Amino acid sequence: MPTPLDRLTAALADRYTMERELGQGGMATVYLARDLRHDRQVAVKVLRPELSAILGADRFLHEIKTTANLQHPHILALHDSGEADGLVYYVMPFIEGESLRDRLNREHQLPVDDAVRIAREVADALQYAHQHGVVHRDIKPENILLHGGHALVADFGIALAASRSDGSSRMTETGMSLGTPHYMAPEQAMGEKEITPKADVYALGCVLYEMLCGEPPFTGPTAQAIIARVMTEAPRSLTLQRHTVPPQLEAVTRMALEKLPADRFASAALFASALANPGSIPLMPAVTGAMPQALGRAARIRQWSVTAGGGALAAAIGAGLWGWLGPAPSRLPAPVVRFGIVLPHGTEPVGANGSTIAFSPDGSRIIYVGKATTGQRLYTRGLDQLDPVPIPGSEGGILPFFSNDGQSIGFRQGNRLVKVALAGGPVTALCDLAGATFGATWTAGDTIIFSGDSGLMQVPAAGGKPSPVAKPGAGEQFLWPEILPGGRVVVFSVFGNGSLRLAALTRRTGEIKRLTTPGGYPRYVQQGFLMVSDPSGVVSAVPFDPRRAEATGPAVPIADKLSTSLNGDQNVGVSRSGQFAFQASPAAGNR
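The numbers attached to residues start from 1 for each chain and follow its sequence in the written order. Only residues with pLDDT of at least 70 are given local features in this predicted model, and only at 80 or more are side-chain atom pairs given and counted; all residues enter the totals for whole chains, interfaces and linings. Computation of side-chain values: all heavy atoms of the structure, hydrogens and water removed.

1. A short note on the packing of helix H5 (residues 112-131) against helix H9 (residues 197-213)
Here is step 1 of the chain: At a minimum axis distance of 10 Å, the contact between H5 and H9 shows a crossing angle of 165°. In terms of orientation, H5 lies roughly antiparallel with respect to H9. The crossing of H5 and H9 is right-handed. Counting all contacts with H5, which are made through Val 112, Ala 115, Val 116, Ile 118, Ala 119, Val 122, Ala 123, Leu 126 and His 130, the residues of H9 involved are Pro 197, Asp 200, Leu 204, Leu 208, Met 211 and Leu 212.
Here is step 2 of the chain: Of the residues assigned to the contact of H5 with H9, the class counts are 13 nonpolar, 1 polar and 1 charged. For helices, the fitted axis covers only the stretch in contact; all axes are lines through C-alpha atoms, and the angles between them, taken along N-to-C directions, range from 0 to 180 degrees. The way it works is that DSSP assigns letters per residue, a run of H or I at least four long becomes a helix, a run of E at least two long becomes a strand, and they are numbered from the N terminus. Throughout, the term roughly parallel applies to angles under 35 degrees, roughly antiparallel to angles over 145, roughly perpendicular to angles from 65 to 115, and oblique to all others. For any helix crossing, the convention is left-handed if the near helix is rotated counterclockwise from the far helix by under a right angle, and right-handed if that rotation is clockwise. Contacts are residue-level and defined by heavy atoms, with any inter-residue pair within 4.5 Å sufficient. For this scheme, ten residues count as nonpolar: Ala, Val, Leu, Ile, Met, Phe, Trp, Tyr, Cys and Pro. Four count as charged, namely Asp, Glu, Lys and Arg, and the remainder, Gly too, count as polar.

So, in structure tokens, the structure goes:
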């Protein structure tokens, strides 16, 4: 049976001499050929048959003509396109050089000046394309070629044609998608129909981040794990990983990586301008602190800040205490006090998979993940205290959670789940962990239920071998479990099909009730609400009946824009009594 190369060789013999295969990607195979008419080497890109079937050859070739008119020094030109023996192809110049992926594979990290120059050139190319109505949708190192040290952006054609074709939804149904998980903007990962140029800005921010630190902002063992982190985490600080990255450049990169499109650069041109003049971007965006208009009768009573410790102030945790209008679940929470605590230098909050903050059951104390001068560890602070106290033995700890009696905490440390008594004592290993962890909850029966790549697992609080509790379906992940009062039901979030939804597990029967209510990181408040958050930094209250494990009303936003901590984290902590803590910048607490 003739191979695709054989078929192309025969069908295009009068125009191109096909020489050899150069490589394969998710959408196409590339061949080296000689253009007989112009006596030059070219790259012939042939769509995968299943992709051309989904998109339609005629529609694809019609739409790809638009990219033939993109003439820019940093955009790879399109010479020709057509269909030959049932194979859809297009022809580009053959570039003597390498891709940015090749260079990253060889050097791992690029010199800062080189990374900035390449990012500026790509941003210039994107701005030109955006002005001509073309969004790339798949900016990644593989699609950035380096010729004479300068960047050339490739593959505008496939993205444009696929996004405008009737087959884009069918691509998703068949497991194919536009974009690569490591570089997908949150709105793209969520399957938004209308993708704007700001998705390209986000993807270029990811590429710049990788050029500077050696890996994309978010990694994981599966596409679902990566997208879950894109939706829920903040990237690790560049300057903490590579001290030669100027803080101003990190601020520029972080702005490109904002979860909300509205918070990113308004255009690729502004991104390029900021790269040329990084001092134009504030190092620490301030938190507005505005109360949501939806709770019109709720008034903010007072606000103040407390400076803890001397010396330079590097970060803050803001804690909002939320009161409640009454016990009836149908009534909405109203904020009564909001205050900020500026932490001592060297205890900056850092991100993790889930919340970096945990409340004690009685709401009198918080634990958070902090970046100390000697490394990452856990800190605790009573709400009536000014100074946080490091927890001995918690070095490298993430994902803290309290025991039911509030006397001990659990957390992940390396590849183990561990616990330690707050009164002091040794750190005790509970079990080994494989892969990622996405939150844990400690039941009154001294069982710890945690979320990992395999779904919900449980382990005795005394330690032992984990056993499965609930396994997700294909393409799903179970995240951030929370035990409800009485210990019968565990609520958690299900990530799948580009969205986060709530679910409830009845422990006795193993039955999983999938709710229609969207939300991440559910936390139960004893007055009858689930507090949930979304990737844009909005926190909502969902009236919830714990006995029936059902939402009894729509989600109502109660706070937003809570994602401006040191690294832009979107993490919150909620106590059973309704106290609410979030990470904020020094500007938020020092006013």
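2. A short note on the environment of Tyr 16
Here is step 1 of the chain: With respect to the helices, strands and loops of the structure, Tyr 16 is situated in strand S1 (residues 16-24).
Here is step 2 of the chain: Taking relative accessible area as the criterion, Tyr 16 reaches 5% and is therefore assigned buried.
Here is step 3 of the chain: For the pair Tyr 16 and Val 44, spaced 28 residues apart in sequence, the C-alpha to C-alpha distance is 9.2 Å.
Here is step 4 of the chain: Discounting chain neighbours no more than four positions away, the residues touching Tyr 16 are Ala 33, Arg 34, Asp 35, Leu 36, Val 42, Asp 80 and Val 91.
Here is step 5 of the chain: Counted as a polar contact is a pair of N or O atoms within 3.5 Å, where, for protein atoms, one must be capable of donating a hydrogen and the other of accepting one, and residues adjacent in sequence contribute only when both atoms are in side chains. Side-chain polar atoms of Tyr 16 contact the side chain of Asp 80, separated by 2.7 Å. Note on exposure labels: buried denotes an accessible area under 20% of the residue type's maximum, exposed denotes more than 50%, and partly exposed covers the range between, all computed with a 1.4 Å probe on protein chains only.

3. Thoughts on the pairing of strand S30 (residues 529-533)
Here is step 1 of the chain: Extensive coverage of S30 is indicated by the burial of 5 of its 5 residues.
Here is step 2 of the chain: Burial along S30 is two-sided: Phe 529, Met 531 and Ser 533 facing one way and Leu 530 and Val 532 facing the other are all buried.
Here is step 3 of the chain: DSSP bridges decide pairing: two strands pair if at least two such bridges lie between them. Here strand S29 (residues 520-525) pairs with S30 via 4 bridges, running antiparallel. Bridging from a neighbouring strand, Arg 523 pairs with Met 531 of S30.
Here is step 4 of the chain: Sheet topology note: the S30/strand S31 (residues 539-545) ladder contains 5 bridges and is antiparallel. Opposite Phe 529, over in S31, you have Pro 543 as the bridge partner.

4. A closer look at the nonpolar core
Side chains of a nonpolar character, in soluble globular proteins, are inclined to be buried together.
Here is step 1 of the chain: One finds Leu 100, Ile 118, Leu 208, Met 211 and Phe 271 to be the most contacted residues of the largest nonpolar core, which totals 54 residues.
Here is step 2 of the chain: Counting residues per element, the ones that place at least two in this core are helix H4 (100-107), H5, strand S7 (144-147), strand S8 (150-153), H9, helix H10 (223-232), helix H12 (247-256) and helix H13 (268-276).
Here is step 3 of the chain: Per-element accounting of this core gives the leading share, 12 residues, to H9.
Here is step 4 of the chain: If we ignore the near neighbours within four places in the chain, the residues touching Met 211 are Leu 100, Leu 104, Gln 109, Leu 110, Ala 115, Ile 118, Ala 119 and Arg 242. By nonpolar core is meant a set of buried Ala, Val, Leu, Ile, Met, Phe, Trp, Tyr and Cys residues that side-chain atoms within 4.5 Å join together.

5. A look at the pattern of salt bridges
Here is step 1 of the chain: In what follows, salt bridge is the name for a side-chain nitrogen of Lys or Arg lying within 4 Å of a carboxyl oxygen of Asp or Glu. Overall, the coordinates contain 24 salt bridges when judged by the stated rule.
Here is step 2 of the chain: Put simply, Arg 101 and Glu 210 hold a salt bridge, and the shortest N to O gap is 2.9 Å. Residue Arg 101 is located in helix H4, and its partner Glu 210 is located in helix H9; the two are separated by 109 residues in the primary sequence.
Here is step 3 of the chain: Here Lys 513 ties to Glu 550 by a salt bridge, and the two come within 3.6 Å at their closest N and O atoms. Here Lys 513, found in strand S28 (residues 512-518), pairs with Glu 550, found in strand S32 (residues 550-551); they are 37 residues apart in sequence, far enough to count as distant.
Here is step 4 of the chain: Judged by its relative accessible area of 30%, Glu 550 is partly exposed.
Here is step 5 of the chain: Look at the salt bridges and you will find they share partners, linking Glu 98, Arg 103, Arg 106, Glu 107, Asp 114, Arg 117 and Glu 121 into a network.

6. Section: the sheet that holds strand S24 (residues 467-470)
Here is step 1 of the chain: Ordered by their spatial adjacency, 4 strands build an open sheet running S21-S22-S23-S24, and the pairing between neighbours is antiparallel. Whereas interior strands pair on both sides, the edge strands pair on one side only; in this sheet they are strand S21 (437-442) and S24. Mean inter-strand twist for the sheet, computed between neighbouring axes without regard to direction, equals 30°.

7. Remarks on unusual backbone geometry
With glycine set apart, most residues show a phi of negative sign, and most peptide bonds adopt trans.
Here is step 1 of the chain: For Arg 137, which is not a glycine, the phi torsion comes out positive at approximately 80°.
Here is step 2 of the chain: Arg 137 sits in the buried class, given a relative accessible area of 16%.
Here is step 3 of the chain: A positive phi angle, near 60°, is found at Asp 446, a position not held by glycine.
Here is step 4 of the chain: Along the chain, Asp 446 falls in the loop between S21 and strand S22 (447-452).

8. Quick word on H13
Here is step 1 of the chain: Those residues of H13 lying buried are Ala 268, Phe 271, Ala 272, Ala 274 and Leu 275. In an axial view of H13, the angular spread of the buried residues amounts to 160°, which keeps them on one side of the axis.
Here is step 2 of the chain: On its buried side, H13 packs onto H5, H9 and H12. Here, the arc refers to the directions that run from the helix axis to the C-beta atoms.

9. Some points on the confidence of the model for the protein
Here is step 1 of the chain: Each residue carries a pLDDT value, the predictor's own confidence for that position, ranging from 0 to 100. This prediction gives the protein a mean pLDDT of 78; 77% of its residues lie at or above 70.
Here is step 2 of the chain: Confidence, read as mean pLDDT per element, is least for strand S9 (residues 305-307) in the protein (25) and greatest for H9 (97).
Here is step 3 of the chain: Contacts of residues 284-346 to residues separated by more than four positions or lying in other chains number 167 contacts, the stretch itself having pLDDT below 50.
Here is step 4 of the chain: For residues 348-354, every residue scores under 50 in pLDDT, and the model assigns this stretch 42 contacts once sequence neighbours within four places are set aside.

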